[in-house]
Amino acid sequence: MSGRDESKEQRYRCIECNEESNELYRDYNHGVLKITICKSCQKPVDKYIEYDPVIILINAMLCKVQAYRHILFNTKINIHGKLCIFCLLCEAYTRWRQLPGSSSYTNPEDLIRYAKEWDFYRLFGIAALEQTAYLMGIFIVLFLANLKPLKMGSEFALLFKALLLSSYGKLLLIPAVIWEHDYTPLCLKLITLFVLTSNTQAIRVTLNVSRTLSLFAITCGLLFEKALCYIQWTY
Ligand SMILES: [Zn+2]
């Protein structure tokens, strides 16, 4: 939970209307706390500060703009780097499992051998390259769209963080591949769709842009990623 800001530069955002706010709640001594009301929309600036993290996560999974604003603007969550590495590991593992012959390692003791496989590291590198191409495609489109906050660089780090955080759906790749069944290919497609939807919402919330522009940016990101795949297969 985030409270009143200690530095004057730090600003929170109203999760309903995106208006800036100096504080999320006020402490009236004696332990009496009161949630700040937004001056613009007259609603609580951030109702989620009272909610259980599980409820917030469920709301984020439902792609609610308010939950995204709460996580990105009003918390100091700082796991995007680790999450990105973990998501890439999940992707590499998923691709590695789909390689011919890799499923023959059924003994749990072989798990350590997985990490030692050269193919696994190669696929990790490819996944990282594709992720970079995808992010580059998104950033290039948004720069070309001449968005002021992005041009000034103030929202660059936040957008980067938002895109990495909103890719958390890739963690679902592991259970989808481990519990393999007839519907696994469909599950993988649905996971990709979920990640793309989350990324679109992250762009919308961070830069306060239209759904059309964020969808266009995601599409271009995907095109960059596919172009890289094409180059890999060509050479
Ligand atoms: Zn408001």
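Just so it is clear, the structure is predicted and the values come from calculations on it, not from any experiment.

Definitions and limits used
- Residues numbered from 1 in each chain as written.
- Predicted model: local features only at pLDDT ≥ 70, side-chain atom pairs only at ≥ 80, totals over all residues.
- Heavy atoms only, no water.
- Helix = DSSP H or I, 4+ residues; strand = E, 2+ residues; numbered from the N terminus.
- Buried < 20%, exposed > 50% of the residue type's maximum accessible area, 1.4 Å probe, protein only.
- Contact = heavy atoms within 4.5 Å.
- Core = buried A, V, L, I, M, F, W, Y, C linked by side-chain atoms within 4.5 Å.
- Salt bridge = Lys/Arg side-chain N within 4 Å of Asp/Glu carboxyl O.
- UniProt positions renumbered as here; feature names shortened; annotations may be inferred.
- pLDDT = per-residue confidence, 0-100.
- Donors = N, O, S within 2.8 Å, 3.2 Å for Na, K, Ca; no water.
- Tetrahedral: all angles 85-135°; square planar, octahedral: opposite > 155°, others 65-115°.
- Axes fitted to C-alpha atoms, helices over the stretch in contact; angles between N-to-C directions.
- Parallel < 35°, antiparallel > 145°, perpendicular 65-115°, else oblique.
- Left-handed = near helix turned anticlockwise from the far one by under 90°.
- Nonpolar A, V, L, I, M, F, W, Y, C, P; charged D, E, K, R; others polar.

## Observations regarding the overall build of the protein
Argument step 1. Helices and strands together make up the secondary structure of the protein, namely 10 helices and 4 strands.
Argument step 2. When its helices and strands are written in sequence order, the protein yields β-β-β-β-α-α-α-α-α-α-α-α-α-α.
Argument step 3. Burial status across the protein gives 42% buried among its 235 residues.
Argument step 4. In the protein, once contacts between residues fewer than 6 apart in sequence are set aside, the share between residues at least 24 apart is 61%.

## Quick word on the nonpolar core
Argument step 1. Grouped together as the largest cluster of nonpolar side chains are 22 residues, with contacts concentrated most on Ile-138, Leu-142, Leu-147, Leu-159, Leu-163, Ile-203 and Leu-207.
Argument step 2. The set of elements that each furnish at least two residues to this core consists of helix H3 (80-97), helix H5 (118-144), helix H7 (156-165), helix H9 (184-207) and helix H10 (211-234).
Argument step 3. For this core, the element with the highest residue contribution is H5, accounting for 7 residues.
Argument step 4. Apart from residues lying up to four places away in sequence, Leu-159 is in contact with Phe-139, Leu-142, Leu-150, Ile-203, Thr-206 and Leu-207.
Argument step 5. Core analysis: the next-biggest nonpolar cluster, separate from the first, contains 13 residues, Leu-72, Cys-87, Ala-162 and Ala-202 among them.

## Quick word on the pattern of salt bridges
Argument step 1. A full pass over the atoms with the stated rule returns 8 salt bridges.
Argument step 2. If you follow the salt bridges from partner to partner, you end up with Glu-91, Arg-95, Glu-130 and Lys-170 in one network.

## Quick notes on the UniProt feature "transmembrane region" (unreviewed entry) in the protein
Argument step 1. UniProt tags residues 123-144, 156-179 and 213-233 as "transmembrane region" (unreviewed entry).
Argument step 2. A helix fraction of 100% and a strand fraction of 0% characterise residues 123-144, whose end C-alpha atoms lie 31 Å from each other.
Argument step 3. Taken as a whole, residues 213-233 contains 100% helix and 0% strand, while its terminal C-alpha atoms sit 30 Å from one another.

## Digging into the confidence of the model for the protein
Argument step 1. Here the protein averages 86 in pLDDT, while 86% of its residues score no lower than 70.
Argument step 2. The model gives residues 1-8 a pLDDT under 50, and that stretch makes 19 contacts with residues more than four places away or in other chains.

## Notes on helix H2 (residues 65-73)
Argument step 1. For H2, a buried count of 7 out of 9 residues is recorded, marking the element as mostly surrounded by other parts of the structure.
Argument step 2. For H2, the set of buried residues is Val-65, Ala-67, Tyr-68, Arg-69, His-70, Leu-72 and Phe-73.
Argument step 3. Turning to H2, the residues buried within the fold contact strand E1 (12-13), helix H1 (53-61), H7 and H9.

## With respect to the coordination of the zinc ion
The expected angle between donors at a tetrahedral four-coordinate metal is 109.5 degrees. At an octahedral six-coordinate metal it is 90 or 180 degrees.
Argument step 1. The protein atoms donating to the zinc ion are Cys-14 (SG), Cys-17 (SG), Cys-38 (SG) and Cys-41 (SG), with metal-donor distances spanning 2.2 to 2.3 Å.
Argument step 2. Coordination geometry of the zinc ion: the 4 donor atoms subtend angles of 106 to 119° at the metal centre, consistent with an arrangement described as tetrahedral.
Argument step 3. Of note, the donors binding the zinc ion are all from one chain and are spaced C-x2-C-x20-C-x2-C. With Cys-14 in the loop between E1 and strand E2 (20-21) and Cys-41 in the loop between strand E4 (33-35) and H1, this pair connects stretches of sequence that are 27 residues apart.
Argument step 4. Of the residues examined, Cys-41 reaches a relative accessible area of 23% and is grouped as partly exposed.

## With respect to the side chain of Asn-199
Argument step 1. In this structure, Asn-199 sits in helix H9.
Argument step 2. The exposure class assigned to Asn-199 is buried, which follows from its relative accessible area of 1%.
Argument step 3. When residues no more than four places from it in sequence are discounted, the contact partners of Asn-199 are Tyr-134, Leu-163, Ser-166, Ser-167 and Ile-218.

## Topic: H7
Argument step 1. Burial of H7 is extensive: 7 of the 10 residues sit out of reach of the surface.
Argument step 2. All of the buried residues in H7 are Leu-158, Leu-159, Lys-161, Ala-162, Leu-163, Leu-164 and Leu-165.

## Digging into the packing of H3 against H7
Argument step 1. With their axes 9 Å apart at the nearest point, H3 and H7 run at an angle of 40° to one another. Put simply, H3 runs oblique to H7. For the pair H3 and H7, the crossing hand works out as left-handed. Contacts from His-80, Leu-83 and Cys-84 in H3 reach Lys-161, Leu-164 and Leu-165 in H7.
Argument step 2. Here the contact of H3 with H7 is composed, by residue class, of 4 nonpolar, 1 polar and 1 charged.

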